[in-house]
Each structure stands twice: as structure tokens, then as C-alpha cells.
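# Working through the structure, step by step
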Amino acid sequence: MGEAAEAVSMEAPFHDEASFKAWNGEASKHKHPPKTVYPKDRDDATEEEKELTEKVRGEVKPELKDLMTEDMLTRFVRGYAMRSWAGAPDRVERTGIILNLALDWRKRIGADTFAEKELPKRDEWDRLWPQTLPGQDNVGRVIMYSVWPADMQNKFTMEEAHNLHIQDMIRLEKAKAKANEKLKAEGKKGNHHHTLVLDLGHDNSELSRAMLKYMKEVTMDPRGFSITQYFFPDVLEKGIVINAPFLFRALWAFGKLFMEADTAQKYSISGGDYKHALDEAGIPLSAISMCSGGTAPNPQGMPTKLAVTRELQEKKLVVSSGCTKVSWKVTCNKTSDPDFSISIYIKKKSDGTEQEIKTEVVQGSNQEGVKGSVDTAEGDEIIFKYKSESRKSHGNLLVDVEEPPMWS
């Protein structure tokens, strides 16, 4: 698998999936103590956690210590020594082994700069697997919105897919570190978790056992474990699957076999009535993409379909942190004949004023549509007001909004 999959320089106690399962399974033979409830913020660690942390720190190889952040150490201690392997008498040594392997892997791939690396087929990967970070929940956790991918199995070599997926994970990790710093600068508690919203309600999503197996293979290390699970422990707060068809519920029983039991328990499955699940998780509309009923931008290149009638309607987008410019393109659905009028406004958060940017009639025959952009600041609102101008009473507009940087 290229850079991300070369043999490491240290000796591992396993070499393939069977030997890893055997090594990992040894810990499950021991009775686990009652589940540990630990504080979300590292600064509020219990005495037990502090003691375990120092013991695991002592297991890290001297040449790798500079690569380890305190947040990373906390995640490995909580994910392994205090949870997955909490009942094993050698839990500290086990945690040290997997942490050393992760640090050595990060050193080999150049994890500090891997997020910015230009990888082959990046644009195609983003088109087939749309993902974005639209906002944060009510306590500051990063929300990752992801559409279930289209059929990718013949589009990438396994090396290409593996590296692109790892780049996604590292980009997410960096975005969470940035959000954490901001929380602490505001005097709030930090949090290294994120919540995943996985949307299955799109026509090109490939729901099949073959696709599940492929996605598992994309994450695998040659020594038999998933890099996503074992090198990024204790990162997921909750996984919320929305717009799940009946077929997925059957596939989920199969998909859970590829996950740790603790991770699988963090997921909930909803159909089209998912608003309650989002509310329960503390996710505001401002952190949900437009295509799922929120006010945040969609993943790049994924337009929102607006159903248009002869009555004036509006759709709002809220500008997220770090965005200084918003661009858009509005076209008619290719099957629609009517002409639509659309007015675009910006409402500035700084003073509450609303300013009209553009009003134009979008013709059904004009696939170039209406394009534009505006300078923005966090919290500004872009408002689209639209209605049908023809005798036909309905149709669709496709609004493709780009609010870079998607992975800020």
C-alpha cells in the first residue's frame, strides 16, 4: 500500500489478521471491571487515569516520544488501558505496543504534513465519497457529515484508496485539534471526540456487502488490524445514520462484525424521521448540511435540490468559522421547463442588516444558471428566496454552494 503500508521497523507481536485476532482476543478472556466513566477533558482526569497515563508514557520508545501529543496519549489510555483491555493484567504493556506502532507509522508517512499532501485522484475520491465538517454540536464537538459512498471498488487501487482514507482521518484529527484549542481559549472544556452523521439518502450510494468488505479492506494494515480503529482510538462520540433504507438495517448486522463492540454501540439508525436523533445529540441545524435539512453547506460538488412552487420560499445558509468567501451556482433541474426567479441576500451578523446581492430569472433551458460569490464572516447568513414565474406550479432548483475551506 505504498507509504502508508510499508513494513515497520519494530517487531509486532502479530503479523496478519489471524495472529492479531488471537493477540487481541487474549485480553477478552479476562473479566472486565465495571465500565470506567471518565471526564471528557484531560485536565479533569481521575487519579487512576493519571497513574495509568504515566505508566503508558513509560512504555513509549525514546525515539518516538517527540511524535506523541498529550491528547494522543490520553486517547490511547482511555481507549485501551481503561476500556478495551481494562481487564487484562498486561493492559499497560498492550497499550504501549499499539501506541508505539501508531507513532512509528505516523513517523513513516509524515503525519504532520500528510493532510496537505497532493494525492492522486483526490477530486474523484471526494466526488464519490462526499464528506464535510459543517459545524459543531452544543458543547463544541466537531460534526462530520458523510454521504455513504458510491461504488468505488474499481476506481482506485487499494494503495490509492488507503492513502486517501488516511488523509481524511488526519484532516479530521487536525480540525478537532483546532476546535479544541478554540474551546480552551474561550475558557471552555476541551473535547477530542467528534460525532459522525452518515447520510444514506442519496441515489448513488452503493449499499452492498461487497462495498462493506471493500471499505474494511481500505482501512486495513498488513498486520491484520484496521488503522482507522486501532491507530485512532477513542475519537467517536456518536454515530448517527440517517435516511437508512430497510436494506441497510440488514447490512448493519453484517457491518458491525468489522467493529469493536464498544464502537458499534455508539451508532443509532434512523430513517427519514431523524430530527429527534440529531436533537438528542445536541446537533443544531447550523451544523447539518442543507441537503439534510440544515443550514450548513453540503460537501463540495453536491447541490441541494429546492422544490419550487408559485409561492415565494426561502432557504438559508449560515457561514461557518474560518470562511471568508461563499460561492454559489443555481441551475434548473434538467427535467424542468419553468423559469424561476431567485433573489440572493446576505445578512451580516455584525449589524443584522440584510443586503440584496442578486435577483435573476433562471431559465429552464439555461444550464449555466446563476453564479456568484460574496465576502463573508462567521455567522453571516446567505438567504436564497425563490418562486416559479411560469404557469407551471412546480419544479426544482439545484443550489451548489461552496464555502471553503471544507476541512478547516
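What counts, and at which threshold
- Residues numbered from 1 in each chain as written.
- Predicted model: local features only at pLDDT ≥ 70, side-chain atom pairs only at ≥ 80, totals over all residues.
- Heavy atoms only, no water.
- Helix = DSSP H or I, 4+ residues; strand = E, 2+ residues; numbered from the N terminus.
- Contact = heavy atoms within 4.5 Å.
- Areas by Shrake-Rupley, 256 points an atom, 1.4 Å probe, with all protein chains shown as cover.
- Pairing = 2+ DSSP bridges.
- Axes fitted to C-alpha atoms, helices over the stretch in contact; angles between N-to-C directions.
- Salt bridge = Lys/Arg side-chain N within 4 Å of Asp/Glu carboxyl O.
- Buried < 20%, exposed > 50% of the residue type's maximum accessible area, 1.4 Å probe, protein only.

Right, let's get into the overall build of the chain. When its secondary structure is counted, the chain shows 12 helices and 13 strands. Sequence-distant contacts in the chain: of pairs separated by 6 or more residues, those separated by 24 or more amount to 79%. Here the chain has roughly 19,400 Å² of accessible surface; of this, 49% comes from carbon and sulfur atoms.

A sheet is described by the order of its strands in space; here four strands give the open sequence 7-12-9-10, paired in antiparallel fashion. Edge positions in the sheet fall to strand 7 (313-318) and strand 10 (354-362), since each of these pairs with one other strand and no more. Taking each pair of neighbouring strands and ignoring which way they run, the sheet shows an average axis angle of 20 degrees. The pairing of strand 9 (residues 340-347) with strand 10 spans eight bridges and is classified as antiparallel. Residue pairing for strand 10: tyrosine 345 is matched across the bridge by glutamate 356.

Let's shift gears to the pattern of salt bridges. Evaluated as defined, the whole model comprises 28 salt bridges. Two residues, glutamate 47 and lysine 50, come together in a salt bridge whose shortest N-O distance is 3.6 Å. With glutamate 47 and lysine 50 both in helix 2 (residues 47-57), this residue pair falls three residues apart, about one helical turn. For glutamate 47, a relative accessible area of 59% gives the class exposed. Among the ionic pairs, aspartate 380 bridges to lysine 348, the shortest N-O distance being 2.8 Å. A residue pair is termed long-range when its members are at least 10 positions apart, and aspartate 380 in the loop between strand 11 (370-375) and strand 12 (381-388) and lysine 348 in the loop between strand 9 and strand 10 qualify at 32 residues. Overall, aspartate 380 belongs to the buried group, its relative accessible area being 2%. When its relative accessible area of 25% is taken as the criterion, lysine 348 is described as partly exposed. Salt bridges sharing common partners tie together Asp71, Arg75, Arg106 and Glu173.

Purely geometric numbers; function is a separate question.
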